[in-house]
Amino acid sequence: IGLSGRSFVPMLIGFGCSVPAIMATRTLSSERDRKMTIVLTPFMSCSAKLPIYGMITMAFFPENSALVMIALYIMGIAVAILSGLLLKSTIFKGEPVPFVMELPAYRVPSRRSVILHMWEKGKDFIQRAFTVIFLGTIIIWFLQSFDWGFNMVSDSSLSILASVGSLIAPLFIPLGFNDWRASTALITGLTAKEAVVSTLSVLTGAVTDIQLSEALNTMFTPLSSFAFLTFTLLYMPCIAAFAATKKELGSMKYAVMTALYQTITAYVVGTVVYQLGSLLM
């Protein structure tokens, strides 16, 4: 798909978390391969999306939840492959660096060097990820707790965030859902993907899993719920991953363009899934 074998490791890490995966691209010697890998890595389904998959499959696909989750992982890989084929012939033209690796002499590391290495990498991760997530969480909390008159609200449906969600909700009609609560949850998912679940629980007033499943059945059909899953799988990653992308690409402009590409791809694929499913069903 136009990448060297070295890109495999960051993309594999992406199944755990996009932030260290994007940071791992700095080991790539080619600037072209590095940028292309950063764009494609978030299509790998990170572990933070698992609560969303669990919530939706519990409500709509309880008997086939494993198959649905496997399908989502395969879809993410397929989209990354197709995107790679597209990007290598358009934006990232050129040949990948040959995969030649000289293996060093392996020795058992000292305890001190291991601890220092863990501290340096861990500190770097916390500084980049936690600070951005903390700021993003404060912003989302403010938008969810206040109305346009800056009065604190007890009902989230009256908040600034709810009004923004209502504004963009019609955009998701081609994906089969038009509920402001779903679009609002997608916005909060930018702080951390698992926030989609907690947001839907708060906005629907669900206390138990059964109540949440019943509320979701009023918002989605089985097909539109899968389109929702498709969108959450592929749209731009969390704020922390966005910050890591900006750091590694060295430009806010390129980071925004990357996020837009990922979100547009999610929208197109989600629309195709719903519309094609509607025709077949």
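Check the entry above for the structure.
All figures in this text were calculated on a predicted structure; none of them were measured in a lab.

Draft legend 1. The arrangement of the overall build of the protein chain in detail. In terms of regular secondary structure, the protein chain is built from 13 helices and zero strands. Along the protein chain, helices and strands appear, N-terminal first, in the series α-α-α-α-α-α-α-α-α-α-α-α-α. The C-alpha radius of gyration of the protein chain comes to 20 Å, within 12% of the 19 Å expected for a compact globule of 281 residues. By principal-axis analysis of the C-alpha atoms, the protein chain measures approximately 60 × 45 × 35 Å. Taking the contacts inside the protein chain whose residues are at least 6 apart along the sequence as the reference set, 69% of them involve residues at least 24 apart. Of the roughly 14800 Å² of accessible surface on the protein chain, a fraction of 70% belongs to carbon and sulfur atoms. Seen as two clouds, the 19 positive and the 14 negative side-chain charges of the protein chain have centres 14 Å apart.

Draft legend 2. Examining the nonpolar core more closely. Within the largest apolar cluster, 52 residues are counted, with the highest numbers of intra-cluster contacts made by Met55, Ile56, Phe177, Leu216, Phe220 and Phe228. Elements represented by at least two residues in this core include exactly helix 3 (31–40), helix 4 (50–60), helix 5 (65–88), helix 8 (180–188), helix 9 (195–204), helix 10 (209–219), helix 11 (222–234) and helix 13 (252–280). At eight residues, helix 11 tops the list of elements feeding residues into this core.

Draft legend 3. Local environment of the pattern of salt bridges. Within this structure, the stated rule accounts for five salt bridges. Salt-bridge contacts for Glu31 lead to Arg34; the nearest nitrogen and oxygen are separated by 2.9 Å. With a gap of three residues between them, Glu31 and Arg34 both fall in helix 3, about one helical turn apart. Owing to a relative accessible area of 11%, Arg34 belongs among the buried residues under this scheme. One connected set of salt bridges, linked through shared partners, spans Arg26, Glu31, Arg34 and Glu248.

Draft legend 4. Expanded view of the environment of Ile91. Within the secondary structure, Ile91 sits in the loop between helix 5 and helix 6 (111–145). Among the residues examined, Ile91 registers a relative accessible area of 63% and is labelled exposed. Sequence separation of Ile91 and Ser65 is 26 residues, and the distance between their C-alpha atoms is 37 Å.

Draft legend 5. Region of interest: the side chain of Thr230. Relative to the elements of secondary structure, Thr230 occurs in helix 11. Those residues in contact with Thr230 that lie beyond four places of it in its chain are Leu72, Met75, Val269, Gly270 and Val273.

Draft legend 6. Local environment of empty space enclosed by the protein. What the rule picks out here adds up to one cavity of 30 Å³ or more. As for the largest cavity, its lining consists of Pro42, Met236, Pro237, Phe242, Thr245, Ala255, Thr258, Ala259 and Gln262. Listing elements by their share of the lining of the largest cavity, those giving two or more residues are helix 12 (239–249) and helix 13. Ranked by the residues each element gives to the lining of the largest cavity, the list is headed by helix 13, at four residues. A class-by-class count of the residues in the lining of the largest cavity yields six nonpolar, three polar and no charged.

Draft legend 7. Structural detail: the packing of helix 3 against helix 12. Orientation of helix 3 relative to helix 12, taken along the N-to-C sense of each, is 170 degrees, at an axis distance of 11 Å. Taken together, the axes of helix 3 and helix 12 are roughly antiparallel relative to one another. Counting all contacts with helix 3, which are made through Arg34, Lys35 and Ile38, the residues of helix 12 involved are Thr245, Glu248 and Leu249. Among the residues making up the contact of helix 3 with helix 12, the classes are represented as two nonpolar, one polar and three charged.

About the cut-offs
- Residues numbered from 1 in each chain as written.
- Predicted model: local features only at pLDDT ≥ 70, side-chain atom pairs only at ≥ 80, totals over all residues.
- Heavy atoms only, no water.
- Helix = DSSP H or I, 4+ residues; strand = E, 2+ residues; numbered from the N terminus.
- Rg over C-alpha atoms; globule rule 2.2 N^0.38 Å.
- Contact = heavy atoms within 4.5 Å.
- Areas by Shrake-Rupley, 256 points an atom, 1.4 Å probe, with all protein chains shown as cover.
- Lys, Arg positive; Asp, Glu negative; His and termini not counted.
- Charge placed at Lys NZ, Arg CZ, Asp CG, Glu CD.
- Core = buried A, V, L, I, M, F, W, Y, C linked by side-chain atoms within 4.5 Å.
- Buried < 20%, exposed > 50% of the residue type's maximum accessible area, 1.4 Å probe, protein only.
- Salt bridge = Lys/Arg side-chain N within 4 Å of Asp/Glu carboxyl O.
- 1 Å grid on protein atoms, 1.4 Å probe; cavity = no way out; pocket = protein on both sides within 12 Å on 5 of 7 lines; lining within 4 Å.
- Points joined across faces, edges and corners; volume = space filled by probe spheres on them.
- Nonpolar A, V, L, I, M, F, W, Y, C, P; charged D, E, K, R; others polar.
- Axes fitted to C-alpha atoms, helices over the stretch in contact; angles between N-to-C directions.
- Parallel < 35°, antiparallel > 145°, perpendicular 65-115°, else oblique.

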